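For reference, the chains in residue letters:
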Amino acid sequence: MDQGSAEESKFFLRHRVALAACSLVLALALASWVALPALVRSKVRQRALQAQLSIQVDSVTLGWGKIWLHGVTISAPEIPNASLKLNTVSVSPTLGGGVRAVHASGGAIEIAESIDALVQSWRKWRSHANSESSHSSEPGPELEVDGLHLQWHDPLGQGSLATLWGVRAHRIADNETAGFDLAQAQAPSFALRAEGLHLNWRRQPNARMLESLKLDGLSTNLDLQQLPSLIARLKSDGSGNHSGSGSSAAAQALPAAAPLSLAFLGDLRARLAARLREGWAENATVQMPRVQTQLRIGDQVLNIGPGRVTALRDKDVFKLSFAPGAQAAQQTLAFDADLPLGKGDARVSLAGGPIGLDALGVQEGNLGLQGVHDIRLSANGVVTLPDSGAALDVTAQGALENLSFLQPRLAQDVVKADRIRWALKAGWHPDTRLLELSQASFELGEIKSALHGTVHLDADNPSSKLAFEIPLVSCQALFDSVPGSLLPLLKGTRFSGTFSLSAAMELEATRLRDMRFDWTLKNDCRITAVRPDIAPDRFRQPFTYPVYDSYGLPLVRESGPLSSDWTPFDAISPYLETAAIICEDSRFFAHHGIDEKAIESAIVDNVRAGHVVRGASTISMQLAKNLYLNHEKTLSRKLQEAVLTVLLEQELNKQQILELYFNVIEFGPDIWGIRAAADYYFGVKPSDLSLGQALYLVSLLPNPKDHHAKPDGSLSPRWADYLRKLMGIAHKIKRITDDELTKGLAETVTPLFGKAPPPASEAGPEPSADEPPEPSAQQPDDQALPESIPP
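Residues numbered from 1 in each chain as written. Predicted model: local features only at pLDDT ≥ 70, side-chain atom pairs only at ≥ 80, totals over all residues. Heavy atoms only, no water.

> Would you mind showing me how to read the overall build of the protein chain here?
What the protein chain contains, in helices and strands, is 16 helices and 28 strands. By the burial criterion, 41% of the 791 residues in the protein chain qualify as buried. Restricting to contacts in the protein chain with at least 6 residues of sequence separation, those with at least 24 account for 56%. As presented, the protein chain carries roughly 42000 Å² of accessible surface, and 56% of it is formed by carbon and sulfur atoms. (Helix = DSSP H or I, 4+ residues; strand = E, 2+ residues; numbered from the N terminus. Buried < 20%, exposed > 50% of the residue type's maximum accessible area, 1.4 Å probe, protein only. Contact = heavy atoms within 4.5 Å. Areas by Shrake-Rupley, 256 points an atom, 1.4 Å probe, with all protein chains shown as cover.)

Shown next, in the form of structure tokens:
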């Protein structure tokens, strides 16, 4: 072979070797390109198993210096109702096979269980994960997560939902940051919206210390009627205490009736102080420039804010403050709280004013308030929780000026008060569960009232001992101090005399039958002048008064002497007077319109029963309501009723009051006065009413729409027995003779209902719960129940 051919052969040999080498390298590269994703998945699964996690990766992409994981799903078997799905994860490996940085972008976190259940699962996972993993003091890789969406279903039960958008976190070396763009939470008891959360930590050996927290905006909406159920959740250890399992001992010891007891507050304070010491760096700050809340009680709403919240964790104390954002420089109202991180008393204080309610964020119409810009508030108060836990002390005082509000439960018109003052001094002793009320005073004009005493919240036998007092005040000053819209009919009324009231109550839950309630009313008030349109003299001639027809529509009815339906007193059966005394007002001839003994007995009986079982309305009070007032259930009506009752008793004798009463009261739908009632029910004149008939008519008065009769017109057996019981009482108090009792017991009371059977829709079947009321004279007072009207 010549030299040229040899050289050519060597060239082709080198070329084939190079080609084979390139093919081998390419084959190895392709093999690595195919095998590396599987290797990455295997490595990821291995690391996940070490952390007690399960992970799935949809696909892996290799890049220059990075590995991209797509569709990553992470879950923990011990947290079955929570999962994390990440759209993209980029991993930057090191030459030594480690990880330099991890960046996750986009994804969602789904949680579908309560806070308590999640915390228990989290604790279980953490305990296992920590035992399987090795700990190193070396800083980990750089971690960054952004663009996450979190949705938490039912964290507090009852269909609650929490959602976070734009969740982010970043860790590099010893610095960590986290936050979100927007968070919303909803539950039956509250709603929350938070904007722009920014958190910054610094990692230290075995701890992370928060250095700053900033929240751009926070608004809450809280239903106070649902507050007990929310507190019950917060009392659970799962609401934030990760130091143990189950509910805390303090929470377990709290009765349901005292969700905010001192034991709970003390335990909460201790846990919070520990968290601040262990998790917050010295000089850590909190900034919330725009905080506002809305409180709801039924259909009533109160807005507070926006205001600025700031906090500082110094060496020994955590300080928190809130200040309204719209207040003027010379008008301040500051809220401050100090929580010692070690020994020392925790304090919450409020001081400042006068300040317009609008500066606090109160809106027009909140709680019925009118002209909030002109209403001025001053307040000073301190709540102290001693480190010793000996007592929770509360001292507060304040004033409202130019108050103006509309509350349908008080009056139909706007209520105005120039100045209201209050003061409170109380202590709560946890060892004995004793609430000591040293002072609770309230002033409205010249009206001053004070309450003091103790309440013992013993778990087995709660008890209380309280005293209330309105010191001596002139009747005119008392009247002038009450806002005019509460007494619209009495404008221009003049008084003489003085007024005072004192009351005391002692009771034990296990001995309610021994409850003691005493009160002393010294009412020497005498009305010296009234407007002509309410003067009782107008009832000596034909007059008009308000009534309601069977459809509830207001009407004006005419009555009075010489009118066609008027019945003079001496033309009314005396049995009707007896019936009224027995059923409606046993002490009619002993009181002056307001029966103090009846009020005292009613309070005792209602407290013992736990609900309203009887009232203390007198015949005179019923007459005042019928002659002057409508049926609205307001404080205004009750106050005017009391004054008008005094007016009637002052200007009319008892016979005149009874005469008016029998002629204007309602005995049934569209049946007013005794003449119409006697004719409709029995077809007789008022003078001819028998004992049974009179008792039946008066027994209708508490509920004139219920006639207690069966479809055939006969009385239900229960009501017939009730009438016979009333006859026995009438005989016992000597209002009827032996012969009258015998005749009455033999009588069959059969209403005619206008000579036609009662409507089936009204009567229906015999009622099974047709429970008659207790007679007014069940325990008669012989002096209070004369046999006849005095001349």
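> Honestly, the pattern of salt bridges in this entry has me stumped. Any pointers?
A side chain with one charge may pair with a side chain of the opposite charge, provided their charged atoms come close. Taken as a whole and judged by the stated rule, the model has 22 salt bridges. For Arg-203, the salt bridge goes to Glu-176, with nearest N and O atoms at 2.8 Å. With Arg-203 in strand S8 (residues 190-204) and Glu-176 in strand S7 (residues 175-187), this pair connects stretches of sequence that are 27 residues apart. Under the relative-accessibility criterion, Glu-176 is labelled buried at 7%. Close ionic contact of Arg-540 with Asp-537 constitutes a salt bridge, the shortest N to O distance being 3.2 Å. With a relative accessible area of 45%, Arg-540 lands in the partly exposed category. One network of salt bridges, with partners in common, ties together Lys-465, Glu-506, Arg-516 and Asp-518. (Salt bridge = Lys/Arg side-chain N within 4 Å of Asp/Glu carboxyl O.)

> What is the right way to read the pairing of strand S11 (residues 300-313) from this model?
Each regular strand shows side chains that alternate between the opposite faces of the sheet. By the bridge criterion, eleven bridges tie strand S10 (residues 280-297) to S11 in an arrangement that is antiparallel. Within the sheet, the bridge partner assigned to Met-288 lies in S11 and is Val-309. Hairpin connection from S10 to S11: two residues lie between these consecutive antiparallel strands, with Gly-298 at a positive phi of about 65 degrees. Pairing analysis gives seven bridges linking S11 to strand S12 (residues 317-324), with the strands arranged antiparallel. In the sheet register, Val-309 faces S12, and the bridge partner there is Phe-322. Joining the antiparallel neighbours S11 and S12 is a turn of three residues. (Pairing = 2+ DSSP bridges.)

> Please clarify how helix H14 (residues 717-732) should be interpreted in this entry.
Since one α-helical turn is 3.6 residues long, residues separated by three or four positions face the same way. Counted at 1.5 Å a residue, the expected span for H14 with its 16 residues is 22 Å, and the 23 Å between its end C-alpha atoms agrees. Among the residues of H14, Trp-719, Ala-720, Tyr-722, Leu-723, Leu-726, Met-727, Ile-729 and Ala-730 are the ones counted as buried. Elements that come into contact with the buried residues of H14 comprise helix H7 (574-583), helix H13 (691-699) and helix H15 (738-745). Immediately downstream of H14, the backbone of Lys-734 shows phi near 65 degrees, a positive value. (Expected span 1.5 Å × (residues − 1).)

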